[in-house]
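Residues per chain are reported as follows:
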Amino acid sequence: MEINYEQIQRFLHVCDDLVGGTYHTADTEISDALRAIAESKELTNLFGAVTAGYDFPAAKRAYLRETSDEANGRGTAYLPAARNEILAFVFCLFVEIDGGALRLNDFLLRYFYVDGSYTASYAIFADRMIRPFRDIVRDCYPDCGKRGQLERLSRKRDELLGEIAQKLTEERGRVLRLSLRDEEHADAEKLFPALIAAAGRRDVEGLISLLAGYRYFLKYINDRSATSDAVFALAAELEKL
């Protein structure tokens, strides 16, 4: 059965936002995470399996414990030891928060209290509960992480190629305004279309080779600029990907 990695990746992106985000956007992002689960057959099956027969009220009594600060309305939160129970527990927390049965601000100040700050308390909650929850889901679909990394590299490559093409267009105008000999202008007019075309068709190897020739051309005419330096810097970054 073919796995829809795009839907799983969407869920993991939301979890990344929850881990690295703030209290102010958490309610919306928790709703988004649940929606992403509902839209993914794989995730629906996963969470259906881990929550089948799961006694969440009993889990709350076991892992959301009162402490000596009970008089101040504070307690301590723990995660289950088993990975499947971590998935079930945090998922059920999300459902209660999203449904309004559990108020996020009360939950944070009760079990993750840091100086009365929702922001600081949320950061602890995100690190101790949402991060391991996300990582376990990611471990369940290792190919998804690889695909996500490839997608990020592809997007970064496209961004760099787009910037290089833009800088080359600027550089072409600059060079053609220089007082050069006719044959030097002719060489430039041969180089720039080839450079811009290589960037446009995502031919990284061809682009790097052409830029090596362009570097020597600039040495020959004894002229470099901030724009040409930017092109070479972007190309160096591109080669590292």
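See above for the structure.
Residues numbered from 1 in each chain as written. Predicted model: local features only at pLDDT ≥ 70, side-chain atom pairs only at ≥ 80, totals over all residues. Heavy atoms only, no water.

## A word on unusual backbone geometry
Its identity as a non-glycine residue notwithstanding, Asp115 has a phi of 55°, on the positive side. Relative to the helices and strands, Asp115 is located in the loop between helix 6 (104-111) and helix 7 (118-140). If you check the backbone angles, Arg202 has positive phi at about 65° while not being a glycine. Within the secondary structure, Arg202 sits in the loop between helix 9 (182-200) and helix 10 (204-221). Arg202 sits in the partly exposed class, given a relative accessible area of 39%. (Helix = DSSP H or I, 4+ residues; strand = E, 2+ residues; numbered from the N terminus. Buried < 20%, exposed > 50% of the residue type's maximum accessible area, 1.4 Å probe, protein only.)

## With respect to helix 5 (residues 83-99)
The terminal C-alpha atoms of helix 5, which comprises 17 residues, lie 24 Å apart, in line with the 24 Å expected from a rise of 1.5 Å per residue. Ile86, Leu87, Ala88, Phe89, Val90, Phe91, Cys92, Leu93, Phe94, Glu96 and Ile97 are the residues of helix 5 that are buried. Where helix 5 ends, the next residue or the one after it, Gly100, has phi of about 90°, a positive value. (Expected span 1.5 Å × (residues − 1).)

## Regarding the packing of aromatic side chains
Counted by the stated rule, this structure contains 16 aromatic pairs. Judged by centre distance (5.7 Å) and plane angle (55°), the rings of Phe56 and Phe89 are tilted. A residue pair is termed long-range when its members are at least 10 positions apart, and Phe56 in helix 4 (residues 56-63) and Phe89 in helix 5 qualify at 33 residues. On the basis of an interplanar angle of 20° and a centroid distance of 6.0 Å, the ring pair of Tyr214 and Phe217 is categorised as stacked. In this pair, Tyr214 and Phe217 both sit in helix 10, three residues apart, roughly one turn of the helix. Judged by relative accessible area, which is 1%, Tyr214 ranks as buried. Owing to a relative accessible area of 8%, Phe217 belongs among the buried residues under this scheme. Linked through ring pairs, Phe11, Phe47, Phe91, Phe94 and Phe133 together constitute an aromatic cluster. Sitting above the plane of the Tyr78 ring, Arg65 keeps its charged end 4.7 Å from the centroid. The ring of Tyr113 carries Arg74 above its face, with NZ or CZ at 3.7 Å from the centroid. (Phe/Tyr/Trp six-rings, centres within 6.5 Å; stacked < 30°, edge-to-face > 60°. Lys NZ or Arg CZ within 6 Å of the ring centre and 35° of its normal.)

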